[in-house]
Amino acid sequence: MLDGRRKPVQPMAGRLPDGNVQALQQFVNQSPWDPLPVRRRIARGCPRRSRHRCG
């Protein structure tokens, strides 16, 4: 799921054990979790000069 840039949900769902496209779409679009901690963690893993392209 992590290789490449932005992707449609369908190819990502194909990499999951159950391949449930609808469930993954709902998770991505409707989950109540705050994305800021995730984005911060991704940014920490990116080299400083390329942070604008990571996450």
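Everything below is about the structure shown above.
These lines cover the structure that appears in this document, whether it is placed above or below. (Residues numbered from 1 in each chain as written. Predicted model: local features only at pLDDT ≥ 70, side-chain atom pairs only at ≥ 80, totals over all residues. Heavy atoms only, no water.)

Points about the overall build of the protein chain
Move 1: When helices and strands are tallied, the protein chain shows three helices and zero strands.
Move 2: Each of the 55 residues in the protein chain was classed as buried or not, and the buried ones make up 11%.
Move 3: Accessible surface, the protein chain: about 5,100 Å² in total, of which carbon and sulfur atoms supply 52%. (Helix = DSSP H or I, 4+ residues; strand = E, 2+ residues; numbered from the N terminus. Buried < 20%, exposed > 50% of the residue type's maximum accessible area, 1.4 Å probe, protein only. Areas by Shrake-Rupley, 256 points an atom, 1.4 Å probe, with all protein chains shown as cover.)

A closer look at the packing of aromatic side chains
Move 1: Tallying each qualifying case throughout the model produces one aromatic pair.
Move 2: Considering the side-chain rings of F27 and W33, the 6.0 Å spacing of their centres and the 25° angle between planes classify their relative orientation as stacked.
Move 3: Overall, the relative accessible area of 46% leaves F27 in the partly exposed class.
Move 4: The class of W33 is partly exposed, set by a relative accessible area of 39%. (Phe/Tyr/Trp six-rings, centres within 6.5 Å; stacked < 30°, edge-to-face > 60°.)

Fair warning: the whole summary comes from geometry, so function is off the table for now.
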